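Here is what each chain is made of, one letter per residue.
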Amino acid sequence: MALLRGCATAGRLLLTGRLSVLTVSAGQNKIPASFLVGSTRASSKAVKDAEPLRKAKTPQGRFDKPEEEKSSDVLQKFPDNVNPITKERGGPRGPEPTRYGDWERKGRCVDF
Amino acid sequence: VAQQHSISTQYPVVDHEFDAVVVGAGGAGLRAAFGLSEAGFNTACVTKLFPTRSHTVAAQYCLVVKLGGINAALGNMEEDDWRWHFYDTVKGSDWLGDQDAIHYMTEQAPAAVVELENFGMPFSRTDDGKIYQRAFGGQSLKYGKGGQAHRCCCVADRTGHSLLHTLYGRSLRYDTSYFVEYFALDLLMENGECKGVIALCMEDGSIHRFRAQNTVIATGGYGRTYFSCTSAHTSTGDGNAMVTRAGLPCQDLEFVQFHPTGIYGAGCLITEGCRGEGGILINSEGERFMERYAPNAKDLASRDVVSRSMTIEIREGRGVGPEKDHVYLQLHHLPPQQLATRLPGISETAMIFAGVDVTKEPIPVLPTVHYNMGGVPTNYKGQVITYTEGADKVVPGLYACGEAACASVHGANRLGANSLLDLVVFGRACALTIAEEHKPGEKLSPLQPSAGEASVANLDKLRFANGSMRTSEIRLNMQKTMQTHAAVFRTGSVLKEGCDKMDDIYQTMDDLKTFDRGIVWNTDLVETLELQNLMLNAVQTINSAEQRKESRGAHAREDFKVLFFDESKVRHSSGNQGPRVWRKTCEEQNPSCLKSSVKYPQSVMIWGAMFCSSLVFLQTLGP
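- Under an unreviewed UniProt entry, the name given to chain B is Succinate dehydrogenase [ubiquinone] flavoprotein subunit, mitochondrial, and the source organism is Gouania willdenowi.
- Turning to chain B, the UniProt annotation filed under Function (unreviewed entry) states: "Flavoprotein (FP) subunit of succinate dehydrogenase (SDH) that is involved in complex II of the mitochondrial electron transport chain and is responsible for transferring electrons from succinate to ubiquinone (coenzyme Q)."
- On record in UniProt, under Pathway (unreviewed entry), the comment for chain B is "Carbohydrate metabolism; tricarboxylic acid cycle; fumarate from succinate (eukaryal route): step 1/1."

- As annotated in an unreviewed UniProt entry, chain A is Succinate dehydrogenase assembly factor 4, mitochondrial from Gouania willdenowi.
- Per UniProt, chain A has the following entry under Sequence similarities (unreviewed entry): "Belongs to the SDHAF4 family."

Written as structure tokens, this is what we have:
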């Protein structure tokens, strides 16, 4: 079992290694954080029972923007996904959608 | 060439046999399909779109339901009763909704939501883990006397999306056969009985006949008959058109729900909060025209007043843009900080959909279609009914649910968040009715070998059409005509003019030209088929609107501002005369000669204020 895991880990490292070579040759200076995450997960001994993901995220393409730029959504996520005022869990982000009588999201009315 | 054994020698025809066929895989279609599979029926689901791409995915709002027994958890939820939800819905439908259907829906609502939740739909929760409900959609307690009710459940921002994915995921447990990207052409009718569906496989151009004892129509609405609508390009009323071509009537098509501020071109709706925060509507002269129509409320007048005012401004020539067919919603006079805090995301929306910077330029808006209350008439069990010899008659083998059907729970006006509930409850109802009345593996009644010939002939005609007008031109003409004549502002003269124009446009369909003669993935052909369907819907809508000489719910006429009483048809049940009367329009259309006849079935008395005796009354109303 340990041998298998060792092979799997080695395979994963090889895989990530190959991919990082690809990204370097494509002219990007930074290796995206997702790869580091994937490789550290693979090499850490912490995950014993669950099968660690072979690739945490899909590989970065040549024209993709780096991951960090995506978190600029106007509607912020609540801490722990719990709305602090209404104590709703898993509810819509941002201000209360029904505050104007219709269901509003990002200025758009979705239902009325 | 003798066509005894095949309906076409040019197109490969494949025959299938199932216990049940569902046309359409949106919320209602999926629910019906796997409900039937669960009951053991060999079911086919024929859809022109992949299930998770149906228009239900656009519904971000929520389900209205009463979850009983929630004892004021967090002070948000309170004691609730389905009868109060029933009252709100009947009142909201402006007394046109079918009380049987509304009773069925509101009583089944809690069970339906719990069932969805058991399927894995991640509703938002309160601290105790119960489903969180918020106030929305004109819901009240104690028959309108107990204040605002909190009944609306949701899944973060994407209830419709989540619903569709939950239902699709659940349906994969059962062995429903999905025929994705098959365009349903017509119903196979014989002696007034529905025996299946004939469809075109878009991928390879073959014709497929699905023979089944039970056919369920769940094809959605027909927003695309109007120039400005929130619906997807695929909302073309295919179900209504198939039913019309089968010689059956459609119901309440004149009731189309509009929203005043939809972005010109894109069709997205701008929230009323914009006007609530100080945004104003201006015409080509830069005038704040709402001051003339509603001196007190101004831009905060009710939606129908705002829509009508906008339409009148456009009609009188004070619209903006190159075609002077819309108005502006101005927000740049408000401080940008206020906009960003109160209405986060609006600048993004305006930039993406309208291409304007909301802090510098106004947003072009016009009244936009959002929902169609009308459709295929059914009873509360989901069976399609027709109206002959003065009475309702069930059409054997045919069922309908969702926006395509008209049960009718929405009546003349739909309440917010009732639509998703309608989908799941009646999707399930169709499956239950079929399971009750039929058994899986029943022998199919014989079908004539030439069934569906006319559909294939029509397909062929369209594929080689060589007139002078393109599909897109005719479609645009129809959409513009409907937007000008059958939108919010309706009067006798305007509607009559519209009816004549629509007749002319319908005649131009004979002069169609298509370009793609191929058979594989012929989108030109499919768009033309959709145009045929849209035309039937449009013509019936405008004719029904012209015939209904009253104002009720979403159908508001300037020349007949009050509700129409017909005292001679009143049926007294206890000697008291109630305040309102409802009648449904049933429209029949003969596609080839465009003669439509509108019939008004028997009126029924509705007791406006006497809901203490509502249960007794409901039981006396038969199916």
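Some details on the overall build of chain A
Consideration 1: Across its full length, chain A carries two helices and two strands.
Consideration 2: Its helices and strands in sequence order give chain A the pattern α-α-β-β, from N to C terminus.
Consideration 3: Taken over 112 residues, chain A has a buried fraction of 30%.
Consideration 4: Long-range contacts, defined as pairs at least 24 residues apart, comprise 36% of the intrachain contacts of chain A with a sequence gap of at least 6.

Regarding the interface of chain B and chain A
Often the size quoted for an interface is simply the accessible area lost on bringing the parts together.
Consideration 1: Contacts between chain B and chain A engage 44 residues on the former and 28 residues on the latter.
Consideration 2: Surface buried jointly by chain B and chain A totals about 3000 Å² across both partners, of which 52% is contributed by carbon and sulfur atoms.
Consideration 3: Inspection of the region where chain B meets chain A yields five salt bridges.
Consideration 4: Residue Asp111 of chain A pairs with Arg414 of chain B through a salt bridge whose shortest N-O separation is 2.8 Å.

Describing the packing of aromatic side chains
Residue and element names in this part refer to chain B.
Consideration 1: Throughout the structure, instances matching the rule amount to 16 aromatic pairs over all chains.
Consideration 2: Judged by centre distance (5.3 Å) and plane angle (80 degrees), the rings of Phe179 and Tyr182 are edge-to-face. Judged on exposure class, the residue Phe179 and its partner Tyr182 are both buried.
Consideration 3: Here Phe179 and Phe210 contribute two aromatic rings whose centre-to-centre distance is 4.7 Å and whose plane-to-plane angle is 70 degrees, an arrangement assigned as edge-to-face. Remark: Phe210 occurs in strand E9 (residues 207-217) and Phe179 occurs in strand E6 (residues 177-180); sequence separation between them is 31 residues.
Consideration 4: A relative accessible area of 11% places Phe179 in the buried class.

What about the pattern of salt bridges?
Side chains carrying opposite charge are able to pair once their charged atoms draw close together.
All names here are of chain B.
Consideration 1: By the definition in use, this model includes 37 salt bridges over all chains.
Consideration 2: Across the pair Asp325 and Lys480 runs a salt bridge whose closest N-O atoms are separated by 3.5 Å. Residue Asp325 is located in the loop between helix H8 (303-315) and strand E14 (327-330), and its partner Lys480 is located in helix H13 (residues 471-485); the two are separated by 155 residues in the primary sequence.
Consideration 3: Each member of the salt-bridge network shares a partner with another, and the members are Glu287, Arg292, Glu313, Glu316 and Arg318.

Topic: the environment of Lys561 of chain B
Residue and element names in this part refer to chain B.
Consideration 1: Relative to the elements of secondary structure, Lys561 occurs in the loop between helix H15 (523-547) and strand E22 (580-582).
Consideration 2: Residue Lys561 is classed as exposed on the basis of its relative accessible area of 58%.
Consideration 3: In this structure the C-alpha to C-alpha distance between Lys561 and Arg53, which are 508 residues apart in sequence, comes to 40 Å.

Quick word on the confidence of the model for chain B
All names here are of chain B.
Consideration 1: Considering every residue of chain B, the mean pLDDT works out to 84; 86% of them sit at 70 or more.
Consideration 2: A low-confidence stretch, residues 1-5 (pLDDT under 50), is modelled with five contacts involving residues beyond four sequence positions or located in other chains.
Consideration 3: Scored as a whole, the predicted complex attains pTM 0.82, and scored at its interfaces, ipTM 0.81.

Section: the UniProt feature "modified residue: Tele-8alpha-FAD histidine" (unreviewed entry) in chain B
Residues and elements named next belong to chain B.
Consideration 1: This chain's UniProt record puts "modified residue: Tele-8alpha-FAD histidine" (unreviewed entry) on His55.
Consideration 2: Note on placement: His55 falls in the loop between strand E2 (43-47) and strand E3 (63-64).
Consideration 3: Beyond its immediate chain neighbours, meaning those up to four positions away, His55 contacts Thr230, Ser231, Ala232 and Ser235.

Side note on the pairing of strand E4 (residues 134-140) of chain B
Residues and elements named next belong to chain B.
Consideration 1: Extensive coverage of E4 is indicated by the burial of five of its seven residues.
Consideration 2: In this structure, E4 lies alongside strand E5 (residues 148-153), joined through three bridges in antiparallel fashion. Note on E5: the bridge partner recorded for Ala135 is His150.

The rules we used
- The residue numbering used here restarts from 1 in each chain and proceeds along that chain's sequence as written.
- Whichever chain is written first is A, and whichever ligand is written first is 1; the rest continue in order.
- Residue-level local features of this predicted model are given only where pLDDT is at least 70; pairs of side-chain atoms are given and counted only at 80 or more, and the full residue set underlies all totals for whole chains, interfaces and linings.
- Derived side-chain values reflect all non-hydrogen atoms in the structure, with water molecules and hydrogen atoms excluded from consideration.
- UniProt positions are given in the numbering used here, feature names are shortened, and annotations may be inferred rather than shown by experiment.
- Each helix is a run of H or I in the DSSP string that is no shorter than four residues. Each strand is a run of E no shorter than two, and both are numbered from the N terminus.
- Burial classification: accessible surface area is computed with a 1.4 Å probe over protein chains only, and a residue below 20% of its type maximum counts as buried, one above 50% as exposed, and the rest as partly exposed.
- Only heavy atoms matter for contacts: two residues are in contact if any of them lie within 4.5 Å across the pair.
- Simply put, the buried area is the total loss of 1.4 Å probe accessible area from both parts when two parts are fitted together.
- Salt bridges are identified by distance alone: a Lys or Arg side-chain nitrogen within 4 Å of an Asp or Glu carboxyl oxygen.
- Geometry of aromatic contacts follows a simple scheme: Phe, Tyr and Trp rings, the Trp one being its six-membered ring, pair when their centres are within 6.5 Å, and the pair is stacked under 30 degrees between planes, edge-to-face over 60, tilted otherwise.
- Along the chain, pLDDT gives the predictor's confidence residue by residue, from 0 to 100.
- Here, strands pair whenever DSSP counts at least two bridges between them.

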